Amino acid sequence: MLPIASPPLEKQTLTLFPIRLAAVAGLAAAVVLFVNAAKRAGLIPVSSATQLAAPLAQTLAIILVVGLAAGAMRQSSRFSSISLALNVLGLAAATGVEWVINLVFVGLDPSQITALRTGPLGTAFVAASIIFLLGSILYCMALLRDGKAPQIPTIAYAIASIPIALRNLVPELALDVALGLLGASVIWLALWMLRNRPAVAAHRV
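Scope of this entry: the structure provided in the associated data block. Please read all numbers here as calculations on a predicted model, not as lab measurements.

Topic: the pattern of salt bridges
Turning to step 1, where the next piece is worked out: In total, this model carries five salt bridges according to the counting rule given.
Turning to step 2, where the next piece is worked out: Notably, a salt bridge pairs D176 with R40, separated by 3.9 Å at the nearest N-O pair. Residue D176 is found in helix α9 (residues 172–195), and its partner R40 is found in helix α2 (residues 19–40); the two are separated by 136 residues along the sequence.
Turning to step 3, where the next piece is worked out: Note on D176: relative accessible area 13%, which makes it buried.
Turning to step 4, where the next piece is worked out: Where R145 meets D146, a salt bridge forms, and the shortest distance between an N and an O atom there is 2.8 Å.
Turning to step 5, where the next piece is worked out: Linked by salt bridges that have partners in common, R40, E172 and D176 make up one network.

Next comes the structure, spelled out in structure tokens:
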């Protein structure tokens, strides 16, 4: 009796994590990034809806970066695995930071916020920023090294992550521009994934 051959791990991953889902999540994340930038710039009013939606950008971006890595990174590379893990961890940490800023700090006095930032919460914020920045840069380096994803939005992603990670040290305008740049790069990468799904699948087999 002949043994039943199981499909390669790459094919199983592609089936379990479809490229279309990752791309759509990326487009949704870009919309939230634009809303966040417009809110910070005073172009749209701050509301309960915009405060609740703000952390969704990072949450949805996790789905995007996992799907993008599945199709555009070397699956056997330790560097790719580490960079993806750090990027996902950084995005998850940034999600927590956004929840606190948008849903907790908004109801506190400046003195209370300062007091919280001087304690363990401030340390957690710094750690989240470092992990987010390091993970984003390494992730983009892995994408550029493997040469499958388009270079321009990948480089823009890396550049935008710097002022976002250093949000307390950069001018407000720089942060707004970075959010817009990140949103544009995410849209570019998501559309590339949708247009090149057959090629991405072929790359993985």
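With respect to the layout of surface pockets
Turning to step 1, where the next piece is worked out: Space inside the largest pocket adds up to approximately 720 Å³.
Turning to step 2, where the next piece is worked out: Lining the largest pocket are 39 residues, with V97, E98, I101, I164 and R167 sitting closest to its centre.
Turning to step 3, where the next piece is worked out: Going through the elements one at a time, α2, α4 (56–72), α5 (78–103), α7 (120–146), α8 (151–165) and α9 are the ones with two or more residues in the lining of the largest pocket.
Turning to step 4, where the next piece is worked out: If you tally residues by element for the lining of the largest pocket, the top one is α7, at eight residues.
Turning to step 5, where the next piece is worked out: The residue inventory of the lining of the largest pocket, partitioned by class, reads 27 nonpolar, seven polar and five charged.

Some remarks on α7
Turning to step 1, where the next piece is worked out: Taking 1.5 Å per residue, 27 residues should reach 39 Å; α7 reaches 39 Å between its end C-alpha atoms and fits that length.
Turning to step 2, where the next piece is worked out: All of the buried residues in α7 are G122, F125, A128, F132, G135, S136, L138, Y139, C140, A142, L143 and D146.
Turning to step 3, where the next piece is worked out: On its buried face, α7 is in contact with α4, α5, α6 (110–117) and α8.
Turning to step 4, where the next piece is worked out: In the stretch just after α7, G147 is the one whose phi turns positive, near 70 degrees.

Examining the packing of α4 against α7
Turning to step 1, where the next piece is worked out: The interhelical angle for the contact between α4 and α7, taken along N-to-C directions, is 25 degrees, at an axis separation of 11 Å. When the axis of α4 is compared with that of α7, the two are roughly parallel. In terms of crossing hand, the pair formed by α4 and α7 is left-handed. In this structure, α4 contributes V65, L68, A69 and A72 to the contact, and α7 contributes Y139, L143 and D146.
Turning to step 2, where the next piece is worked out: Within the contact of α4 with α7, the residues separate by chemical class into six nonpolar, no polar and one charged.

Rules behind the numbers
- Residues numbered from 1 in each chain as written.
- Predicted model: local features only at pLDDT ≥ 70, side-chain atom pairs only at ≥ 80, totals over all residues.
- Heavy atoms only, no water.
- Salt bridge = Lys/Arg side-chain N within 4 Å of Asp/Glu carboxyl O.
- Helix = DSSP H or I, 4+ residues; strand = E, 2+ residues; numbered from the N terminus.
- Buried < 20%, exposed > 50% of the residue type's maximum accessible area, 1.4 Å probe, protein only.
- 1 Å grid on protein atoms, 1.4 Å probe; cavity = no way out; pocket = protein on both sides within 12 Å on 5 of 7 lines; lining within 4 Å.
- Points joined across faces, edges and corners; volume = space filled by probe spheres on them.
- Nonpolar A, V, L, I, M, F, W, Y, C, P; charged D, E, K, R; others polar.
- Expected span 1.5 Å × (residues − 1).
- Contact = heavy atoms within 4.5 Å.
- Axes fitted to C-alpha atoms, helices over the stretch in contact; angles between N-to-C directions.
- Parallel < 35°, antiparallel > 145°, perpendicular 65-115°, else oblique.
- Left-handed = near helix turned anticlockwise from the far one by under 90°.

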